[in-house]
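Inside the fold
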Amino acid sequence: MEAPPELRQPAPRNQLNFNNLKSLKVLGKGAMGTVFLVHDQVSDPDACNPFALKVVEKSSIHNKQDADRRARWEIEVLTRLCCPNTHPFLPYLLGSLETSDFLAWAVPFCSGGDLNVLRHRQSDRVFSPAVIRFT
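Residues numbered from 1 in each chain as written. Predicted model: local features only at pLDDT ≥ 70, side-chain atom pairs only at ≥ 80, totals over all residues. Heavy atoms only, no water.

Digging into the overall build of the protein
Regarding its fold elements, the protein presents 3 helices and 6 strands. Across the protein, helices and strands are ordered from the amino to the carboxyl terminus as β-β-β-β-α-β-β-α-α. Here the protein, with 135 residues, has 25% of them falling under the buried criterion. Summed over its atoms, the accessible surface of the protein is roughly 9900 Å², and 54% of this surface lies on carbon and sulfur atoms. (Helix = DSSP H or I, 4+ residues; strand = E, 2+ residues; numbered from the N terminus. Buried < 20%, exposed > 50% of the residue type's maximum accessible area, 1.4 Å probe, protein only. Areas by Shrake-Rupley, 256 points an atom, 1.4 Å probe, with all protein chains shown as cover.)

Given below as structure tokens:
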């Protein structure tokens, strides 16, 4: 018998190796950091399975303690989602890394674009019931 969700331990997250990662392009910039499309040159030399890497530069954080807490909270939430079996539409943590200069974490790349950009393309800037309904 499987343990109830609230008692399940999250899967251990992978430690990313910064030296193995190659940036393919910038996906976006936000208040906390930059999101890159990257691939692991060792495990995926042909870049068949790129992923999104959110990078927060510690030196660029104005309120360092609050931003650090927010970044670590985001990593913890993604860790608890743990795998695609949790829900097919939720991101999950592939791995993370920290250096003296930045904190970074990886999630699967979703090629559909930024949800907010998609929302702005809708009439009245909201998703209609027909758009959000799944059959």
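A few points about the environment of leucine 27
With respect to the helices and strands, the residue leucine 27 is situated in strand S2 (residues 21–29). Sequence separation of leucine 27 and glycine 113 is 86 residues, and the distance between their C-alpha atoms is 8.8 Å. Residues in contact with leucine 27, not counting those within four places in the same chain, are Val35, Phe36, Leu37, Ala52 and Phe109. (Contact = heavy atoms within 4.5 Å.)

Considering the sheet that holds strand S1 (residues 14–15)
If you trace the 6 strands from one edge of the open sheet to the other, you get S1-S5-S6-S4-S3-S2, paired in mixed fashion. Pairing within the sheet leaves two strands with one partner each, and these edge strands are S1 and S2. Direction of pairing for strand S5 (residues 95–98) relative to strand S6 (residues 102–108): antiparallel, over a ladder of 4 bridges. Along S6, the bridge assignment pairs glycine 95 with alanine 106. (Pairing = 2+ DSSP bridges.)

Observations regarding the confidence of the model for the protein
Per-residue confidence for the protein gives a mean pLDDT of 81, with 81% of residues at or over 70. Element-level mean pLDDT values for the protein span from 79 in S1 up to 95 in strand S3 (residues 34–40). Low confidence marks residues 1–13, where pLDDT is under 50. Its contacts with residues over four positions away, or in another chain, come to 10 contacts. (pLDDT = per-residue confidence, 0-100.)

Thoughts on the pattern of salt bridges
Considering all chains together, one arrives at 4 salt bridges under this definition. A salt bridge links arginine 72 to glutamate 98; the shortest N-O distance between them is 2.6 Å. Here arginine 72 is found in helix H1 (residues 64–81), whereas its partner glutamate 98 is found in strand S5, with 26 residues between them in sequence. Residue classification places glutamate 98 among the partly exposed residues on the basis of a relative accessible area of 40%. In this structure, glutamate 76 engages arginine 80 in a salt bridge whose closest nitrogen and oxygen atoms are separated by 2.9 Å. Of the two residues, glutamate 76 and arginine 80 both sit in helix H1, 4 residues apart, roughly one turn of that helix. Take glutamate 76: its relative accessible area is 31%, and that puts it in the partly exposed class. Here the residues in one salt-bridge network are Lys58, Arg72 and Glu98, joined through shared partners. (Salt bridge = Lys/Arg side-chain N within 4 Å of Asp/Glu carboxyl O.)

Some details on the UniProt feature "binding site: ATP" (unreviewed entry) in the protein
Within this numbering scheme, the UniProt entry marks Lys54 as carrying the feature "binding site: ATP" (unreviewed entry). One can find lysine 54 in strand S4 (residues 51–57). On the basis of relative accessible area, lysine 54 is assigned to the partly exposed category, the value being 22%. Setting aside its immediate chain neighbours within four residues, lysine 54 contacts Thr34, Val35, Glu74, Leu103, Ala104 and Trp105. Looking at lysine 54, its side chain comes within polar contact range of the side chain of glutamate 74, at 3.1 Å. (UniProt positions renumbered as here; feature names shortened; annotations may be inferred. Polar contact = N/O pair within 3.5 Å; in protein donor to acceptor, adjacent residues only side chain to side chain.)

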